[in-house]
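Working through the structure, step by step
Residue strings, one per chain:
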Amino acid sequence: MTDRPAKARPSHARTTEVGVQYAIVPVPKLSLETAARRSGLHPDLVRRFVALGLVDADRDASGRLVFDPTAPAALARVQRLRTGLCLNYASVGLVLDLLDRISLLEAALRRAGMRSDLPPWT
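So, a few notes on the structure that sits alongside this text.

Calculation rules
- Residues numbered from 1 in each chain as written.
- Predicted model: local features only at pLDDT ≥ 70, side-chain atom pairs only at ≥ 80, totals over all residues.
- Heavy atoms only, no water.
- Helix = DSSP H or I, 4+ residues; strand = E, 2+ residues; numbered from the N terminus.
- Buried < 20%, exposed > 50% of the residue type's maximum accessible area, 1.4 Å probe, protein only.
- Contact = heavy atoms within 4.5 Å.
- Areas by Shrake-Rupley, 256 points an atom, 1.4 Å probe, with all protein chains shown as cover.
- Expected span 1.5 Å × (residues − 1).
- Salt bridge = Lys/Arg side-chain N within 4 Å of Asp/Glu carboxyl O.

1. With respect to the overall build of the protein chain
When its secondary structure is counted, the protein chain shows four helices and three strands. Each helix and strand of the protein chain, ordered N terminal to C terminal, gives the series β-α-α-β-β-α-α. Out of the 122 residues in the protein chain, the part that is buried amounts to 20%. Across the protein chain, every contact between residues at least 6 apart in sequence was considered, and the portion connecting residues at least 24 apart equals 45%. Total accessible area on the protein chain stands at roughly 10100 Å², and carbon and sulfur atoms take up 56% of it.

Structure follows, in structure tokens:
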């Protein structure tokens, strides 16, 4: 413990976390069957993607998997990487992490006012 008093934060300071969004109305979640149907995948394959950490899902009060409305696009993306590039599940996870990192870096460049002359490749 130190003898120095704790610094008080100025009242005008705001802390914002990047990527946090607040919905005015609750966003409805998709059931496993709905997410699977919209992505064109079998529900067992969707469960496998969730278990491997390739797609995010929550559990409802009864313990069933529920997904964000953007999950069918993420599921289809995982499947395209798996079948289109013949990647195993570990490689798919790595590619998804790299693509997310590239998107963050490109967004940071746009915010900084610097642009690449090349169009985004993703």
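Having seen the structure, we can now continue with the description.
2. Brief notes about helix 3 (residues 71-84)
Between the first and last C-alpha of helix 3 there are 19 Å, a value that for 14 residues agrees with the 20 Å anticipated at 1.5 Å per step. For helix 3, every residue scored as buried is listed here: Ala-71, Pro-72, Leu-75, Val-78 and Leu-81. Packing partners of the buried residues in helix 3 comprise strand 1 (30-31), helix 1 (32-39), helix 2 (43-51), strand 3 (65-67) and helix 4 (89-111). Looking at the residues trailing helix 3, positive phi occurs at Cys-86, about 55°.

3. Quick notes on unusual backbone geometry
Phi angles above zero are rare outside glycine, and Cys-86 is one such case at about 55°. When you line up the elements, Cys-86 lands in the loop between helix 3 and helix 4. By relative accessible area, which is 67% here, Cys-86 ends up exposed.

4. Quick look at the pattern of salt bridges
Tallying each qualifying case throughout the model produces five salt bridges. The closest approach of N and O atoms between Asp-58 and Lys-29, which form a salt bridge, is 3.1 Å. Of the two residues, Asp-58 sits in strand 2 (residues 58-59) while Lys-29 sits in the segment before strand 1, which places them 29 residues apart along the sequence. Overall, the relative accessible area of 41% leaves Asp-58 in the partly exposed class. Between Lys-29 and Asp-68 there is a salt bridge, and its shortest N-O distance comes to 2.6 Å. Of this pair, Lys-29 sits in the segment before strand 1 while Asp-68 sits in the loop between strand 3 and helix 3, and the two are 39 residues apart along the sequence. In this structure Asp-68 comes out as partly exposed when scored by relative accessible area, which is 38%. If you follow the salt bridges from partner to partner, you end up with Lys-29, Asp-58 and Asp-68 in one network.

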